[in-house]
Structure formats: structure tokens, C-alpha cells
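An overview of the molecular structure
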2 protein chains.
Amino acid sequence: MDLGKRLRSRGYRVTPQREVIYRVLQENEGKPLSLDDIHSLACEKRPGLGLTTVYRTLDLFRELEVALPVHLHGDSQYYEINEGKHHHHMVCLSCGDVELLEACLIEEIEDIVRDGSDFMITGHCMSLFGYCPDCLERGRGKGSR
Amino acid sequence: MDLGKRLRSRGYRVTPQREVIYRVLQENEGKPLSLDDIHSLACEKRPGLGLTTVYRTLDLFRELEVALPVHLHGDSQYYEINEGKHHHHMVCLSCGDVELLEACLIEEIEDIVRDGSDFMITGHCMSLFGYCPDCLERGRGKGSR
DNA sequence: CTCCTTATTGACAATTATTATCATCTATTA
DNA sequence: TAATAGATGATAATAATTGTCAATAAGGAG
Ligand SMILES: [Zn+2]
Ligand SMILES: [Zn+2]
Ligand SMILES: [Zn+2]
Ligand SMILES: [Zn+2]
């Protein structure tokens, strides 16, 4: 569904700022972006767009599930567009590169949980950490970062 | 291995502050604590302990792998003691309760990755979100939080 | 045990990140 | 096109994190 429908159907307005931020997320599908990343990229398309607006818009997008929060090691909160293509991430501890991982064993885990507790699982997140092929090749498999 | 050895073997000193913070983590095994949580609890045992020291100590503990960072939804960074008992978490979206999940299918995922890429996995994190039995019983399965 | 050396601490200041306020602007609808 | 209410951006206010430095105290030598 397109952004306009998703916004209007909940009583929110379609604004250029929201469209720009949405486009930034769309163009970086699979690449988690920090708030500052989003702000910089959005400002390229619409100079002057305020950082406050980025905060507000991402809160909204998260509420509407237009964007999903992504947890990686490191301080910042990252965001990604939610295109319904469920996936996870592999983060290189040396260069910080983020690769996509489409595999997910959540059903198996849900089975395990169902047998052992009454917790109802509705979502999850997962990140794998390690070293990307490039860093391994360059002998940076144990480098800092 | 005990804290003293872990510190001294790397040239760090054993201080009461570090011991107190370690004890706080130990007494809350399985329950992720935020920096403020840790600070409050540590201050009960040692009034006056500075927040700066908590920041510094947790950076150190993380480096020494005495503590592990835990990612949950929400802003704060959480920490947990690393007792070698690998586990994950289930977070209730209604009451915020965190339950332990000892199940982990990382080996299966590593197999999948090995077949599909050359990324070398050395660690991972995972959290499941949903509703705890209490909240389900109270009909708060779709409540806010 | 006492004295040195130097890592560590805590108070404070400086930065940085996030949230609140409010006048102005503008998307929507009639 | 005009009216209305939501949204934006500038600014201020808070909160979170990091840096500085004099005072303290842990660990090692004697
Ligand atoms: Zn790499
Ligand atoms: Zn998954
Ligand atoms: Zn609950
Ligand atoms: Zn695991």
C-alpha cells in the first residue's frame, strides 16, 4: 500500500516532508539508517527539513509500521522501511558493513516457546555479528571497531 | 572465573565500585538493567557512587565480556552479566516484563549462512516481543505500553 | 607494613541527543 | 476559495553522554 493511503486512512496528512523521508527509507531498503543518516539524506532532497520533523516522522512511521526499528550494536537507533519482506541482519565487527539475512527460524522458536510457556509471540528481532568476507580476506577478522 | 582475576589479568585494578556493580549484575542475572537501574542499585550498596563510573565500568565490562549489551525495544541500552549461560529474551509489549528464553537455533542459522555467504558469525542477539501470560489473562493482549 | 606509582574515581563542565513549546504554515474538506 | 486543524521549523528546555582534572586509593617494590 502506498504512503498516502496509509497516512490518510488513519487521519494523518500527507506532507512533502513525510514523502521525502519515506523515499529515503525506500531507497535504502535493507540498509538500516540512523536518525542523522535519514536527516542528511532527506535534506539533500529538501533542504531545511528540520531534525525535529525527522524524529516526529519516525515515531509516526513506527506507529503505522511504515518503518521498523532495527537494533544493532552501537548507540544509535536505526530504522528501516517495512516492505513486508521480513529479514534480519549480519553486522561486520570490523568495517561495520550490514548484510541482509533472509533466513529466519522464528517458527521453530515459536514451537519451542509454545511448549514451554504461555507467552504469545507477535514479533522479534535478531542480528548476527561477525566478519564480512572482505574483512576476512584482508586479515581484519580480529580487528577493532 | 571471578572478577578479580578477569580484571587483574588484563592490567585493570579491582575497586569497590567495580565489585559493587558486578554484584548488582550478578544479583539480576537474566534481568536486563539500564544504566540508571544499575546506578540506583549500586548506590544502595555504596552511596555516592558516580554515574560516570557506571558508564565507564560498563564500557570496561563489555570490553572484558564480563557484561553483555542487550537490545530491547525502547530507547535505553540494557546490560546483563555474562555467566556463559547463553540465552535470549521475550519482552511483554503490555507490561514490559522480560522473560528468559533459553532456546537458541543459532547453529541452524549458521548452517544456512555458511551455505549462502562467506560471512563469519561470531555472535548474535535476538529478542522476541509479544504478551506475557499475565497480560493475556487480563485481556491486555493488545494494550499500549 | 610503608612508600611509590599510576589507574581510578567523582565533581564539574562541556557536548550531544531528545523532547517540549509555539507562532506560522499548509493539507484537507466543504 | 475559505475555514479548520494538523504539521512544520525555530527555539528553548531537558536529558543523556562524554571530557577534564584534582584527589584518592590499588597494587607492587622494598
Ligand atoms: Zn567487514
Ligand atoms: Zn525473523
Ligand atoms: Zn505483560
Ligand atoms: Zn542464541
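This is a predicted model, so every value here is computed, not measured. (Residues numbered from 1 in each chain as written. Chains lettered and ligands numbered in written order. Predicted model: local features only at pLDDT ≥ 70, side-chain atom pairs only at ≥ 80, totals over all residues. Heavy atoms only, no water.)

**Section: the relation of the copies chain A and chain B**
Superposition record for chain A on chain B: RMSD 0.0 Å, screw rotation 180 degrees, translation along axis 0.0 Å. Here the symmetry operator amounts to a two-fold rotation axis. Proximity to the rotation axis, assessed at the C-alpha, singles out M126(A) in chain A; its C-alpha lies 2.0 Å from the axis. Mapped onto chain B, 100% of the interface residues of chain A again fall at the interface, so both copies present the same surface. (Least-squares fit on C-alpha atoms with pLDDT ≥ 70 in both. Contact = heavy atoms within 4.5 Å.)

**Remarks on the sheet that holds strand β3 (residues 78–81) of chain B**
All names here are of chain B. If you walk across this open sheet you meet the three strands as β1-β3-β2, and the pairing is antiparallel. Since the sheet does not close on itself, it has two edges, and those belong to β1 (33–34) and β2 (67–70), each with one partner. Note that β2 and β3 share four bridges and pair antiparallel. Bridge pairing in β3 places P69 opposite Y79. The strands touched by helix α2 (residues 16–27) are β1, β2 and β3; relative to β3, the strand with the most contacts, the crossing angle is about 85 degrees. (Pairing = 2+ DSSP bridges. Helix = DSSP H or I, 4+ residues; strand = E, 2+ residues; numbered from the N terminus. Axes fitted to C-alpha atoms, helices over the stretch in contact; angles between N-to-C directions.)

**Observations regarding the coordination of the zinc ion (ligand 2)**
All names here are of chain A. For the zinc ion (ligand 2), the full set of protein donor atoms is H86 (NE2), H88 (NE2), C104 (SG) and H124 (NE2), and the range of their distances to it is 2.0 to 2.1 Å. Classification of the site at the zinc ion (ligand 2) rests on its four donor atoms, whose angles at the metal span 100 to 118 degrees, yielding the label tetrahedral. In terms of primary sequence, the donors binding the zinc ion (ligand 2) are separated according to H-x1-H-x15-C-x19-H. Here H124 lies in strand β6 (residues 120–131) and C104 lies in the loop between β5 (98–101) and α5 (106–116), a separation of 20 residues in the sequence. With relative accessibility at 22%, the residue C104 sits in the partly exposed group. (Donors = N, O, S within 2.8 Å, 3.2 Å for Na, K, Ca; no water. Tetrahedral: all angles 85-135°; square planar, octahedral: opposite > 155°, others 65-115°. Buried < 20%, exposed > 50% of the residue type's maximum accessible area, 1.4 Å probe, protein only.)

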